[in-house]
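# An overview of the molecular structure
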Amino acid sequence: MQHTFGTSRASLASRTRIRRTLIASAALGVALAGAPATAQAHGAPGAHGAYGTNTPVRVTLTVQGPDGPLFHGKVWTRGHDVTTATGGTHRCDGTNGSAHASAVPTPTAALDDAARKRHFGWDGAWYASFDDYSVDSIKNVSGGGSAYWNISVNGTPTPVGGCQFQLNAGDTVAFTWTAF
């Protein structure tokens, strides 16, 4: 019996989605490897914010796409439930992955607040095993098969997911399209 191997657009689209999901999962897995211990240290007493408080904080949020800035502004945020088209509704308040004992403001919650206030979209898959979202697209710009959205706070990439890292008043949060 002879097989003919053809590649349809649907097949290519499906393989591209699978590849993107695997790459995003790998990137998120690496970022979340040390989640609880590192996240707890950032929000511990003595840091520039009180541990375990979900008091709204004002942060500067920047979204840097492959062709330049997509958003830059001040945002009031606190940890809250987040809803995405792909990932559904889940908490995004620092208690994810047991990172903090009580709710705190987080980078992904800040992105969500900015998107709702400034009327732009973002989407991300939910990974139950990480108890966190993978930010897959912002303002219709997706990471794709060879890029991802990197999250950093005060110039340092977060060692945990965007729903686990505690933000403090005055922090600078950046979502940067990053090719690998």
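First, a word on scope: everything that follows refers to the structure included in this document. Keep in mind that what you see is a predicted model, and the values were worked out from it rather than measured.

A separate point is the pairing of strand β6 (residues 132-138). One face of the sheet, then the other: side chains in a regular strand alternate in exactly this way. Counting buried positions along β6 gives six out of seven residues, so the element sits mostly inside the fold. Here six bridges tie strand β5 (residues 122-127) to β6, and the two strands are oriented antiparallel to one another. Residue D123 lies in a different strand from β6, and its bridge partner there is S137. Between β5 and β6, which pair antiparallel in sequence order, lie four residues; one of them, D131, sits at a positive phi of approximately 55°. Of the pairings in the sheet, the one linking β6 to strand β7 (residues 141-142) comprises two bridges and is antiparallel in character. Within the sheet, the bridge partner assigned to I138 lies in β7 and is V141. Counting the residues between successive antiparallel strands, the hairpin from β6 to β7 contains two residues, one of them, K139, with a positive phi of roughly 50°.

Turning to the packing of aromatic side chains, a few remarks are in order. Using the criterion set out here, one finds five aromatic pairs in the structure. On the basis of an interplanar angle of 75° and a centroid distance of 6.0 Å, the ring pair of W122 and Y133 is categorised as edge-to-face. Linking W122 in strand β5 with Y133 in strand β6, this pair joins segments that are eleven residues apart in sequence. Of the residues examined, W122 reaches a relative accessible area of 11% and is grouped as buried. Aromatic ring contacts, followed pair by pair, group W122, W126 and Y133 into a single cluster. Note that K139 overlies the ring of F120, its terminal NZ or CZ placed 5.3 Å from the centroid.

Attention now moves to the sheet that holds β6. Spatially, three strands are ordered β5-β6-β7 in an open sheet, and the strand pairing comes out antiparallel. Only two strands of the sheet have a single neighbouring strand rather than two, namely β5 and β7. Sheet contacts for helix α3 (residues 107-118): β5 and β6; angle to β5, the most-contacted strand, approximately 150°.

By size, the foremost hydrophobic cluster in this structure holds 29 residues, and its most contacted members are L61, L111, I138, L167 and F175. Sorting the residues of this core by element identifies β1 (57-65), β2 (68-77), α3, β5, β6, β8 (147-153) and β10 (172-179) as the ones contributing at least two each. Per-element accounting of this core gives the leading share, five residues, to α3. Among all residues touching L111, those that are not within four sequence positions of it are L61, V63, F120, W122, V135, I138 and F175.

Turning to unusual backbone geometry, a few remarks are in order. Phi is mostly negative for residues that are not glycine, and the peptide bonds are mostly trans. The phi angle at S98 is positive, at roughly 55°, despite the residue not being glycine. Its place among the elements puts S98 in the loop between β4 (88-92) and α3. Given the relative accessible area of 54%, S98 is considered exposed. We note that H119 has phi near 60°; this positive angle belongs to a residue other than glycine. With respect to the element layout, H119 can be found in the loop between α3 and β5. A residue is classified by how much of its surface remains accessible, and H119, at 70% relative accessible area, is exposed.

About the thresholds
- Residues numbered from 1 in each chain as written.
- Predicted model: local features only at pLDDT ≥ 70, side-chain atom pairs only at ≥ 80, totals over all residues.
- Heavy atoms only, no water.
- Buried < 20%, exposed > 50% of the residue type's maximum accessible area, 1.4 Å probe, protein only.
- Helix = DSSP H or I, 4+ residues; strand = E, 2+ residues; numbered from the N terminus.
- Pairing = 2+ DSSP bridges.
- Phe/Tyr/Trp six-rings, centres within 6.5 Å; stacked < 30°, edge-to-face > 60°.
- Lys NZ or Arg CZ within 6 Å of the ring centre and 35° of its normal.
- Contact = heavy atoms within 4.5 Å.
- Axes fitted to C-alpha atoms, helices over the stretch in contact; angles between N-to-C directions.
- Core = buried A, V, L, I, M, F, W, Y, C linked by side-chain atoms within 4.5 Å.

Note that all results are geometric; they support no functional claim without further evidence.
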